[in-house]
Each structure stands twice: as structure tokens, then as C-alpha cells.
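Structural overview for review
In case you want the letters, here they are:
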Amino acid sequence: MEQKRKLSIICFSGDFDRALAAFTLATGSAACNWEVTMFFTFWGLNILKKKPGRKFIGRSLKARMFNFLMGGSAKMPMSRLNFGGMSPKLMTGMMKRNNVATFTELREAAVALDINLIACEMAMNILEVTRDDLIDEVKEVIGVATFLRYSEDAQVLFI
Amino acid sequence: MEQKRKLSIICFSGDFDRALAAFTLATGSAACNWEVTMFFTFWGLNILKKKPGRKFIGRSLKARMFNFLMGGSAKMPMSRLNFGGMSPKLMTGMMKRNNVATFTELREAAVALDINLIACEMAMNILEVTRDDLIDEVKEVIGVATFLRYSEDAQVLFI
Amino acid sequence: MEQKRKLSIICFSGDFDRALAAFTLATGSAACNWEVTMFFTFWGLNILKKKPGRKFIGRSLKARMFNFLMGGSAKMPMSRLNFGGMSPKLMTGMMKRNNVATFTELREAAVALDINLIACEMAMNILEVTRDDLIDEVKEVIGVATFLRYSEDAQVLFI
């Protein structure tokens, strides 16, 4: 029997355009019956925050400030030509117009396709984000060593 | 007989410095007799546009505006220290001075080395870029699923 | 006997947050007994500069200006929310507060774990950086072809 192909994506970036690329690749692979893991770290944690807007998260003042400024999945900026946050909205309009799945639809598809959404323990510690701050669909909170074990024989992308 | 080594590069970025890195890795691998595929998506499509400068492309007003602002291969910005577009020119001067292949030479080398230049169908739909807007050397316009099939047993980079 | 797993990281970025991610993944893998290579190119060379601050390096005026503006490992900016260079300091404080290894500690750990730190010859030529400008721990200065040979059977990340 042939072994299942595996894809692991390290979702480091919290940019709207890069998140789109990550979820497009992930759902495309999962639809082809690959085993897909997405490991969210640093800015990527914003994609998984329960509250899509800005929220003070963390115990220390610094963490609360950073988390507020970074915001959640509805506040992701474009990596370029962001125009003060207007571009992701324009881009979503262009995606709808051309019948391409939007970011929200892609994240729902990722869950439906049983993609393994996991959060980076160390980044959560630094940014003082707790499991409760993240959406319920997150399957695990793990460290780098565990992620590496999950990614054995996988193609790995850093986005 | 040993199998040919394969490299697939997802060229997501349209930054001058990252495009340089992508083509340097691609041509270096191809020169070592690897089978190389470059998959251009989102900002990376700008690298393949026929017109190197700025041009209105697309049917809708939004797409036309985005494509104009993004421009073609001669308008790629540096990811940092861009100085209003002056840095790519300075950098090209430094490359010539030190006998390193410039971006234009690298793209020509990629074609000469028979690297598989392919464009992402979905990104073209979103940005309303057509096959005619891209250089003739682009071999195919494909979706993610096809790209994944091409990349079986390849080392894959996201740039 | 099982073959040792290998990880190669192309450290292209000189951003503080991305450098953190690169060294975290590298030291995590090395601690799990993988064979790890970090290949520093372009902005990533700043991480290896002997002088952590700003310094004029190079023969030509352009190179000297670029190297001064890019600075060394103590001048790495955050990729977002940099606040004029204050954020890496805030972030380091948050890491200490939460008992996470800081960047300096991670780079020392990389050396202690015998990670193969290598510098890109071509990027050094373009930016007119010499071996003497880099820390002693750099094991080699090599070209892309040699790096590719080192990375056979490795999982490769572009950061």
C-alpha cells in the first residue's frame, strides 16, 4: 500500500495574503487526500484567535499591547499595499467576484477537511496567549520537537 | 539508475531581493542537473508580466488599480530599505560591479536551463491577469492540485 | 541503522522575529539529534556579522552604505510593529519574563549543538562582506551548488 503524502506548513506570518496562500495550499493538499498539518507560531497565532478583532490578551502590559496591536484574523494586513487595512477587504471582494474561496471559507474548509490545526507553545508563552484565547478547532498546543516528529516524511513549508 | 533530484519553488513574493534568491536557487539547481519548477502566484505573478513597467490589467476597477500599483518585473521593490525604488537599481549596479548575474540575466538563464515556469491559475483569476499579459516563456497555467502532483518527491520552498 | 534526519534552513531574512524562528527550529532539531545546516544569505548575513551594531563594511560607497544601514545582529528589526527598533528589545524582555531563550542564547546554543553555520559566497560578494567581517563560528563560505549538495535528503526551509 502506498504511503499517504504529507504536508506540514509552519504558519509564521500573520499577513492576509500569506495566510491565504497557506490555507489554499493546505486545503488543496487535503482535498488530494494528503495528511496536512498547520503549525501556527508568532504572528500566525493571530489567525487562530477567537476574537477576530483587536483584544487585550496577556498578563503583562507589553503582551497586552502587542496582542491588541496585532489583532485577530479580521485585522490581518496585506504584506504590501495595505492602504491602512482597506486592501484585505478589496481583495476579498475581488475573490468573491471571481468565485474564489475567501479566507473565512478557506479556514472553514480546513476544519471540514480535518487538517491538523496546531498552535506553537513557545510563541503562546512569549505572547501570553492561552488556549482559551484560540478557536475551539485548534487540536493541540505543542512544542517544536513534537511538531518535528509530526512532520517526519512530510514536505515542509515556512510561510 | 539514480532518480533525478527535483526542486519546486513557490514564488509568492514579488520583492526584488526574494525574486533574486528564487532565481539564484533555481538556476543553481538546474545547472546541477535537477528538475526545477517555479510556480508563480500572487505578487510573484508580477515577475512574469510581459510589460516590465506599470500597466492597467484586468476587467474590474479594483484589479486594474492593483495591477497598476504592483507593476511588472522592473518595478519590484526591495523588501526593506527600498528608498522609493532606488535600491533595486543600486543593487543591480553592485551585482554588475562584482560580476554576479543580474535579475534579467537570471531569468534568461532560467529559460535557457529549461526551468519549468508556471503560473497560478487561481491568483490570475483573482487579479484578473490573463495568459496574454504574461511572457511567452511561461509553459503552463495550472492550479494547486496540479502543482502538488508536479512536486512529488521534490524539495519545495516557499519564497 | 537508521539514517540521521537532516534539516537545512536558508536564512534569507534579517528580521528579528524570523531569525528567532530560524534558530528555534534549528536548535530544536539539533537537540533531537538531527543534522542541521543554516545557510545565511543576503539580509541573513547581518545575523553573522562580528559587530552587532552598525558598521561601514565593503569597498564601494554603495556597499558601505547598505551594510551600515542594515547593521548587525543587534540592529535586526521586527518584520512588523517595529516601533523604530524598540520592539526587539520589548520582545526580548517578554522572552526573559516567560523563561524562553533569547536570540543571543539561541545563537550560542546553535554553536554548542554543532549546527553547521555557513555563509553564502555570492551574497558576500554582492554586499562586499568578507570572512573577517563575520563571527569566527561560521564554518564555511560556500556557493549555492555546494549548499544543495549538503542538503541532499534534508527537509529545506526558506526563512
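Before going into details, it helps to say that this report is about the structure given with it. Nothing here was measured: the structure is a model prediction, and the numbers come from that model.

Counting residues at the interface gives 30 residues for chain B, matched by 33 residues for chain C. A combined buried area of about 2700 Å² lies between chain B and chain C, and 72% of that area is made up of carbon and sulfur atoms. Together, Arg18(B), Arg80(B) and Met94(B) form the three largest contributors to the area buried by chain B at its contact with chain C, with a combined 22%. For the interface between chain B and chain C, the tally reads two salt bridges. A salt bridge links Glu128(C) to Arg97(B); its shortest N-O distance comes to 3.1 Å. Applying the counting rule to chain B against chain C returns eight residue pairs in polar contact (both at pLDDT 80 or more). Listed by contribution, the elements that provide at least two residues to the side of chain B that touches chain C are α1 (16-31), α3 (86-97) and β5 (155-158) of chain B.

Right, let's get into the relation of the copies chain B and chain C. Of the two same-sequence chains, chain B is brought onto chain C (RMSD 0.0 Å, axial shift 0.0 Å) by a rotation of 120°. Here the two chains are linked by the operation of a three-fold rotation axis. The fraction of interface residues of chain B whose copies in chain C are also interface residues is only 13%, indicating that the copies meet through different surfaces.

Attention now moves to the relation of the copies chain A and chain B. Expressed as a screw transformation, the operator carrying chain A onto chain B has a rotation angle of 120° and an axial translation of 0.0 Å, and the superposed copies differ by an RMSD of 0.0 Å. When you check the interface residues of chain A against chain B, a mere 13% turn up at the interface there too, and the two sides of the contact use different surfaces.

All names here are of chain A. Taken together, the side chains of Lys50, Lys51, Arg54, Lys55, Lys75, Lys89 and Arg131 define a basic patch exposed on the protein surface. Among the structural elements, lysine 75 can be located in the loop between α2 (61-70) and α3 (86-97). With relative accessibility at 39%, the residue lysine 75 sits in the partly exposed group.

Let us now look at the packing of aromatic side chains. All names here are of chain A. In this structure the tally under the stated criterion is 21 aromatic pairs over all chains. Ring plane angle 15° and centroid distance 4.5 Å describe the contact between phenylalanine 39 and phenylalanine 147, whose orientation is recorded as stacked. With a gap of 108 residues between them, phenylalanine 39 in strand β2 (residues 35-40) and phenylalanine 147 in helix α6 (residues 144-150) connect regions that are remote in the sequence. In this pair, the class of phenylalanine 39 matches that of phenylalanine 147, namely buried. In this structure an aromatic cluster arises from ring pairing among Phe12, Phe42, Trp43 and Phe158.

Reading the values: rules and limits
Residue positions within a chain follow its written sequence, with the count starting from 1. Lettering for chains starts from A, numbering for ligands starts from 1, and both go in the order in which the items are written. Selection of residues for local features in this predicted model requires a pLDDT of at least 70, selection of side-chain atom pairs for listing and counting requires 80 or more, and totals for whole chains, interfaces and linings are taken over all residues. Remark: hydrogens and water are excluded; side-chain values derive from all non-hydrogen atoms of the structure. The contact criterion used is simple: two residues touch if any of their non-hydrogen atoms lie within 4.5 Å. Accessible area, probed at 1.4 Å, shrinks when two parts are joined; the buried area is that loss added up over both. Salt bridge, as used here: a side-chain nitrogen of Lys or Arg that lies within 4 Å of a carboxyl oxygen of Asp or Glu. Think of a polar contact as two N or O atoms within 3.5 Å of one another; within protein, one of them needs to be a possible hydrogen donor and the other a possible acceptor, and neighboring residues in sequence only count if both atoms come from side chains. The helix count covers DSSP runs of H or I at least four residues long, the strand count covers runs of E at least two residues long, and both are numbered beginning at the N terminus. Least squares is the method used to superpose the copies, on C-alpha atoms of residues holding a pLDDT of at least 70 in both. To count toward a patch, a residue needs a relative accessible area over 30% and no salt bridge; like charges are then connected within 9 Å, while nonpolar side chains (Val, Leu, Ile, Met, Phe, Trp, Tyr) are connected within 5 Å. Surface exposure here means Shrake-Rupley accessible area, sampled with a 1.4 Å probe, where a residue is shielded only by the protein chains that are shown. When charges are counted, Lys and Arg contribute as positive and Asp and Glu as negative, whereas His and the chain ends are disregarded. Throughout, a charge is located at the NZ atom of Lys, the CZ atom of Arg, the CG atom of Asp or the CD atom of Glu. Classification of residues uses two cut-offs on accessible area relative to the type maximum, computed with a 1.4 Å probe and protein chains only: under 20% is buried, over 50% is exposed, and between them is partly exposed. Two rings belonging to Phe, Tyr or Trp (six-membered ring only in the last case) form a pair when the distance between their centres is within 6.5 Å. Interplanar angles under 30 degrees mark stacking, angles over 60 mark edge-to-face geometry, and anything in between is tilted.

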